[in-house]
Amino acid sequence: MSRFYLKLDRLSKTFTRRGVTSEVLRDIDLGVEKGQFVSIIGHSGCGKSTMLNLVAGLTQASTGGVILDDREVNSPGPDRAVVFQNHSLLPWLTVYANVRLAVDKVFGSAKSRQARHEWTMHNLDLVHMAHAKDKHPSEISGGMKQRVGIARALAMEPKVLLLDEPFGALDALTRAHLQDSLMQIHANLRNTVLMITHDVDEAVLLSDKIVMMTNGPAAHIGEVLTVALPRPRQRLELATDPAYIAAREAVLKFLYQRHRFVEAA
Amino acid sequence: MGFISFQSDAATPHQTAAAAKEPRGISTILATARQSLVRRLTLTGQWLVTNMVPPLVTIVLLLLVWQILCAKPGSSLPPPTAIWNDSRDLILQPFFDYGSQDIGLGWRVLTSLQRVATGFGLAAVVGILIGTLIGQSDWAMRGLDPVFQVLRTVPPLAWLPIALAAFRDSRPSALFVIFITSIWPIIINTAVGIRNIPQDYRNVAAVLRLNHFEFFWKIMLPAAAPYIFTGLRIGIGLAWLAIVAAEMLTGGVGIGFFIWDAWNSSRIADIVVALIYIGLVGFALDRLVGGIGAVVSRNTAKN
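Residues numbered from 1 in each chain as written. Chains lettered and ligands numbered in written order. Predicted model: local features only at pLDDT ≥ 70, side-chain atom pairs only at ≥ 80, totals over all residues. Heavy atoms only, no water.

Turning to the overall build of chain B, a few remarks are in order. When helices and strands are counted, chain B shows 12 helices and 0 strands. Counting from the amino terminus, chain B carries its helices and strands in the arrangement α-α-α-α-α-α-α-α-α-α-α-α. Whereas a compact globule of 303 residues would reach a radius of gyration of roughly 19 Å, chain B reaches 27 Å, over 25% beyond that. Projected onto the principal axes, the alpha-carbon positions of chain B cover approximately 80 × 75 × 35 Å. Buried positions account for 38% of the 303 residues belonging to chain B. (Helix = DSSP H or I, 4+ residues; strand = E, 2+ residues; numbered from the N terminus. Rg over C-alpha atoms; globule rule 2.2 N^0.38 Å. Buried < 20%, exposed > 50% of the residue type's maximum accessible area, 1.4 Å probe, protein only.)

Check the secondary structure of chain A and you find 8 helices and 10 strands. Expected size for 265 residues packed as a compact globule is a radius of gyration near 18 Å; at 19 Å, chain A falls within 12% of this value. Overall size of chain A, expressed as C-alpha extent along the three principal axes, is 55 × 50 × 40 Å. Residues classed as buried in chain A amount to 54% of the 265 residues present. Long-range contacts, defined here as pairs at least 24 residues apart, represent 69% of the contacts in chain A between residues at least 6 apart. (Contact = heavy atoms within 4.5 Å.)

Here the focus is the confidence of the model for chain B. Confidence in the prediction for chain B averages 85 pLDDT; 91% of positions are at 70 or higher. In the model, residues 1–21 of chain B has pLDDT below 50 throughout and makes 15 contacts with residues more than four positions away in sequence or in other chains. (pLDDT = per-residue confidence, 0-100.)

So, about the side chain of Glu202(A). Mapped onto the fold, Glu202(A) is located in helix α6 (residues 200–206). At 4.8 Å, Arg175(A) is the nearest oppositely charged side chain to Glu202(A), a buried residue that forms no salt bridge. (Lys, Arg positive; Asp, Glu negative; His and termini not counted. Salt bridge = Lys/Arg side-chain N within 4 Å of Asp/Glu carboxyl O.)

Our next topic: unusual backbone geometry. Residues and elements named next belong to chain A. Of the consecutive residues Arg231 and Pro232, the connecting peptide bond is found in the cis state with omega at -5°. Positionally, Pro232 belongs in the loop between β10 (221–226) and α7 (235–238). Its identity as a non-glycine residue notwithstanding, Asp70 has a phi of 65°, on the positive side. Relative to the helices and strands, Asp70 is located in the loop between β4 (63–68) and β5 (71–73). A relative accessible area of 41% places Asp70 in the partly exposed class.

What follows deals with the sheet that holds β4(A). Residues and elements named next belong to chain A. Read across the sheet, 4 strands follow the order β2-β1-β4-β5 without closing on themselves; strand pairing throughout is antiparallel. With one partner strand each, in any of the chains shown, β2 (20–32) and β5 form the two edges of the open sheet. On average, each strand axis in the sheet is inclined to that of its neighbour by 35°, with strand direction left out of account. As defined by bridge partners, strand β1 (residues 6–17) adjoins β4 across 5 bridges and the pair is classed as antiparallel. Within β4, the position partnered with Leu6 by the bridge is Leu68. Lying over the sheet, helix α1 (residues 48–56) contacts β1, β2 and β4, oriented at roughly 115° with respect to β1. (Pairing = 2+ DSSP bridges. Axes fitted to C-alpha atoms, helices over the stretch in contact; angles between N-to-C directions.)

We now examine the interface of chain A and chain B. The partner chain B presents 19 residues to the 25 residues of chain A that form the contact. The largest contributions to the chain A side of the interface with chain B come from Pro91(A), Trp92(A) and Lys105(A), which together make up 33% of the buried area. At the boundary of chain A with chain B, the tally comes to 1 salt bridge. Residue Glu214(B) pairs with Lys105(A) through a salt bridge whose shortest N-O separation is 2.8 Å. Summed over the shared surface of chain A and chain B, the result is 5 residue pairs in polar contact (both at pLDDT 80 or more). (Buried area = accessible area lost by both parts, 1.4 Å probe. Polar contact = N/O pair within 3.5 Å; in protein donor to acceptor, adjacent residues only side chain to side chain.)

All names here are of chain A. Looking at chain direction, β4 and β5 are connected through 3 bridges and run antiparallel. In the strand pairing of β5, Leu68 is matched with Arg71. Linkage of β4 to β5, two consecutive antiparallel strands, is achieved through a turn of 2 residues, within which Asp69 is found at a positive phi near 55°.

Under the defined criterion, the tally for this structure stands at 19 salt bridges over all chains. The salt bridge partner of Asp180(A) is Arg235(A), with a shortest N-O separation of 3.0 Å. With Asp180(A) in helix α5 (residues 172–189) and Arg235(A) in helix α7, this residue pair connects regions lying 55 residues apart in the sequence. We classify Asp180(A) as partly exposed; its relative accessible area is 33%. The residue Arg115(B) makes a salt bridge to Glu247(B) at a minimum N-O spacing of 2.6 Å. Note that Arg115(B) is positioned in helix α5 (residues 105–136) and Glu247(B) in helix α10 (residues 212–250), a separation of 132 residues in sequence. We classify Glu247(B) as buried; its relative accessible area is 0%. Here the salt bridges share partners, and the residues they tie into one network are Arg100(A), Asp104(A) and Arg116(A).

Whenever strands of a sheet pair, they do so through backbone hydrogen bonds, lying parallel or antiparallel. Residue and element names in this part refer to chain A. In spatial order, the strands read β6-β7-β8-β3-β9-β10; together these 6 strands make up an open sheet with mixed pairing. The sheet is open, and its two borders are formed by β6 (82–83) and β10, each paired with just one other strand. Two elements, strand β3 (residues 37–41) and strand β9 (residues 209–213), share 4 bridges in a ladder whose sense is parallel. Residue Ile40 lies in a different strand from β9, and its bridge partner there is Val211. Packing against the sheet, helix α8 (residues 242–258) makes contact with β3, β9 and β10, and its axis sits at approximately 170° to β10.

Moving on, we come to the nonpolar core. The biggest cluster of nonpolar side chains holds 152 residues, and the ones touching the most others in it are Leu6(A), Leu124(A), Leu194(A), Val204(A), Ile210(A), Met213(A) and Val251(A). The dominant element in this core, judged by the number of residues it contributes, is α10(B), at 17 residues. Leaving out residues up to four positions away in the same chain, Val204(A) has contacts with Ile210(A), Val227(A), Leu229(A), Arg233(A), Tyr244(A), Ala247(A), Arg248(A) and Val251(A). (Core = buried A, V, L, I, M, F, W, Y, C linked by side-chain atoms within 4.5 Å.)

Glancing now at the environment of Ala71(B). Within the secondary structure, Ala71(B) is located in the loop between α2 (26–70) and α3 (80–86). For the pair formed by Ala71(B) and Thr81(B), sequence separation is 10 residues and the distance between their alpha carbons is 8.7 Å.

Here we come to the pairing of strand β7 (residues 160–164) of chain A. Residue and element names in this part refer to chain A. The element β7 is largely enclosed, with a buried count of 5 among its 5 residues. Here 2 bridges tie β6 to β7, and the two strands are oriented parallel to one another. Within β7, the residue paired with Val83 across the bridge is Leu163. Direction of pairing for β7 relative to strand β8 (residues 192–197): parallel, over a ladder of 5 bridges. Within the sheet, the bridge partner assigned to Val160 lies in β8 and is Thr192.

In structure tokens:
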């Protein structure tokens with residue numbers, strides 16, 4: 001019995017393609033406490049998305065395992081809802097139907113029809129998208145699509161919420177709005193969150209803990225930084241907060257001094 | 001045309017604004033209604049002119065050339081005027097019924113359509129199911145695709161002797177020929193559509209733990225709908241090709257048999273009329289399936 005709610009235990013992943021074996025992740029050990037917001041940051045190609053897929057169960061680990069709430073998990077399930085980078089809404093369903101599909105599947109037997117409808121609307125309200133419930137994904141903006149993606153994931157009442165660079169494809173202003181929304185939701189619901197990002201400010205602003213990955217191949221956890229900033233956090237006040245600046249600098253130093261991404265230069 | 005449309009476009013908002021400000025008199029309402037009616041008629045007129053005039057001109061020109069080429073005495077094919085004189089009843093009355101083989105072409109087309117509906121409907125259901133199975137497995141795709149690519153090039157008529165030998169009856173043979181001709185594009189396109197379902201949708205299904213049945217109904221069919229309807233559209237075209245060939249040999253009351261019968265009794269004018277019927281019905285079938293496809297998959301392609 002570990003004290004961690006989510007535990008990645010000596011996780012390794014090797015891919016074999018056309019006889020060539022490449023090691024993507026080596027010996028990842030990570031513990032996340034219940035209600036914690038943990039970000040994983042690293043240069044592109046360092047295997048951070050692979051790491052999230054391992055936790056989600058979409059990819060199988062080569063060695064090691066993932067333990068959630070004292071149970072090993074190795075196949076996908078709604079207890080580890082994923083918000084995908086490109087939102088992955090089903091384009092032939094309306095905003096409401098996209099969320100309702102998840103609600104019906106997860107609570108089909110536990111909740112009445114009326115309760116499932118209310119739960120769907122409640123989650124759309126959380127992300128301020130109830131007004132667009134009858135629109136199709138093609139009719140709303142990228143930021144709105146991502147809001148719906150978050151509503152769909154939240155509606156599954158996951159034990160841990162997995163975010164795969166959720167705001168990577170959005171413009172800076174929309175991204176800031178969504179980050180604020182996400183902070184609000186996290187403050188109210190106290191979800192356990194694991195987020196992949198390549199944005200230093202985003203990681204520091206949102207996280208309790210930042211996991212910094214070394215470059216691949218055979219990437220591993222280089223450093224873990226605890227962000228001790230009090231919540232609720234205000235974007236504007238933090239800009240001049242010494243603790244915030246120090247945390248930001250620590251991450252930047254790790255990424256650009258000790259583990260420079262050579263190919264990106 | 002353009003000028004009229006511009007004028008009424010400009011006048012309507014002004015009219016509406018005025019009506020909103022003052023207490024609405026009957027005359028104002030009537031004027032607004034008339035204005036919008038005029039505008040709608042203008043737009044419809046414009047649409048008709050741009051879309052109907054070019055084909056009409058083409059048809060008239062074609063008929064003229066045909067008339068000139070075939071009008072001289074001793075010509076082997078009848079000119080349009082002769083067809084009109086000989087087969088006027090067939091053209092003007094699709095649904096007369098004077099006895100077993102003396103019926104309007106409308107009835108014959110309906111009989112043929114019934115056969116196509118059965119054969120093609122069966123091909124659609126079986127084709128989509130087989131295509132779905134094949135699309136999900138690399139092995140099945142690699143193994144079966146070459147076989148399908150060869151079989152799909154076999155002409156409809158070539159299947160007929162085999163079908164007659166197998167079923168020993170003309171009616172199921174005709175259905176089989178339609179089925180086997182139209183099924184290949186449906187299978188192949190469905191399989192390609194299933195293979196092209198984005199990994200994202202599969203991931204969503206995996207996280208939600210959709211079972212096979214739910215995955216088929218909620219993800220596969222809608223995601224592959226544009227491909228499936230491409231296959232169905234090619235399929236219905238081939239089915240309509242096959243029906244005529246099959247009916248020529250199996251007999252009955254279909255439009256295909258009518259052509260064969262007309263040829264045997266040297267009614268060339270009737271054959272020409274039947275050809276036009278077949279063309280128009282084929283065109284309508286293609287548009288019908290295409291239209292259904294556009295409606296069903298209107299939200300799938302965009303994202």
